[in-house]
Amino acid sequence: MDDVDRRPTRAPTCVVVLLFLALPVGCVAPDRSAPGRVLCSRPERLSVLPPELEEASGLAASRRHAGVLWMHNDSGGEPAVFAVDSTGAVLGRVRVTGAENVDWEDIAVGPCPAGECIYIADTGDNGERREVVTIYRVPEPDPADKATSPAERFRLRYPDGPRDAEALFVTPDTPDARVYLVSKGRTSPVTVYRAPTPLPAEATALLEPVAALTDGAQFGPLYVTGAGATPDGRRVVVRTYVNLRLYRLDDDGLVPIGAPVDLHGLAEPQGEAVDIRADGTVLLASEERGGDAGPISRLVCTLDAD
């Protein structure tokens, strides 16, 4: 969550759109895509979120329950995840046992020793003062559950000092899963960090920087606010308040594919969350702001393009 009002003003819309499109999230790896090639459909609103999710900050598509999205609220809220459908209707509210919501910013579904798990990033840090951040992990619950099994807690720290991070994605790995965080770009380049696998249960793990997505710090609208990966881990989406980009995850880090997607047309009050399904469907969510309810939105990207 950030305290800057990002609702678009009406008069300079064309100028603002052109400015943001000229400053997409980039990558230090060589861009081997055709820069102007559009690989994703035009984003469309599906519905708006209910008051229970007025500070919606993370979104992940369920692997166990067709059509279910897992969401959560921002800092200081109840340590709970909400099961919703694509209309925003709440199907269930599940408390995460043994967890605390200091500043939850993103959520992902991925493999774990129990099968499929929910990973929650308690990594928000507007002041960049947290020496240690937390990832919670629980087996993916049923929407009808009242509480999860006790959460595992994994402590992580950055090698280059505290960072504000609102984006998490998880990919399959042996013997567990690989957890990635993407920094917001508040005071330093947007950077992708990788956690060790398996995640250590006791010691604080050191994150490894694997890619810089920008040359320097970003200004407000281009802060990174969410990320997601396909179940096979080959494609990743990273979003800011105003745009979204598709990447290929390989030995070069995150390699951008195609052109960035402009999200201005969704008129999100404060765009925060994103995930991508195996078929290329990308789902987005926004916080409420200034009385404007946050929408759930959708677009479809071509995943077999390189």
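Please refer to the structure higher up on the page.
None of the values given here were measured: they were computed from a predicted structure.

So, unusual backbone geometry
Here the amide bond leading from Thr197 into Pro198 is cis, since omega sits at -5 degrees, within 30 degrees of zero. Here Pro198 is to be found in the loop between strand E12 (191-194) and strand E13 (205-206). One non-glycine residue, Glu128, adopts positive backbone phi at about 50 degrees. Residue position: Glu128 is located in the loop between strand E7 (115-122) and strand E8 (133-139). Phi is positive for Ala267, close to 50 degrees, though the residue is something other than glycine. Within the fold, Ala267 resides in the loop between strand E18 (253-262) and strand E19 (270-276).

A short note on the environment of Arg235
Mapped onto the secondary structure, Arg235 falls in strand E16 (residues 235-240). Once the C-alpha coordinates of Arg235 and Ala278 are considered, the two residues, 43 residues apart in sequence, prove to be 9.1 Å apart.

Here's the deal with the side chain of Gln218
Relative to the helices and strands, Gln218 is located in the loop between strand E14 (208-212) and strand E15 (224-229). Judged by its relative accessible area of 16%, Gln218 falls in the buried class. Of note is the side chain of Gln218, whose polar atom sits 2.9 Å from the backbone oxygen of Gly216. When sequence neighbours within four positions are dropped, the list of residues in contact with Gln218 reads Gly185, Arg186, Val190 and Tyr223.

Thresholds, definitions, all that
- Residues numbered from 1 in each chain as written.
- Predicted model: local features only at pLDDT ≥ 70, side-chain atom pairs only at ≥ 80, totals over all residues.
- Heavy atoms only, no water.
- Helix = DSSP H or I, 4+ residues; strand = E, 2+ residues; numbered from the N terminus.
- Buried < 20%, exposed > 50% of the residue type's maximum accessible area, 1.4 Å probe, protein only.
- Polar contact = N/O pair within 3.5 Å; in protein donor to acceptor, adjacent residues only side chain to side chain.
- Contact = heavy atoms within 4.5 Å.

That's the geometry; what it means functionally is another story.
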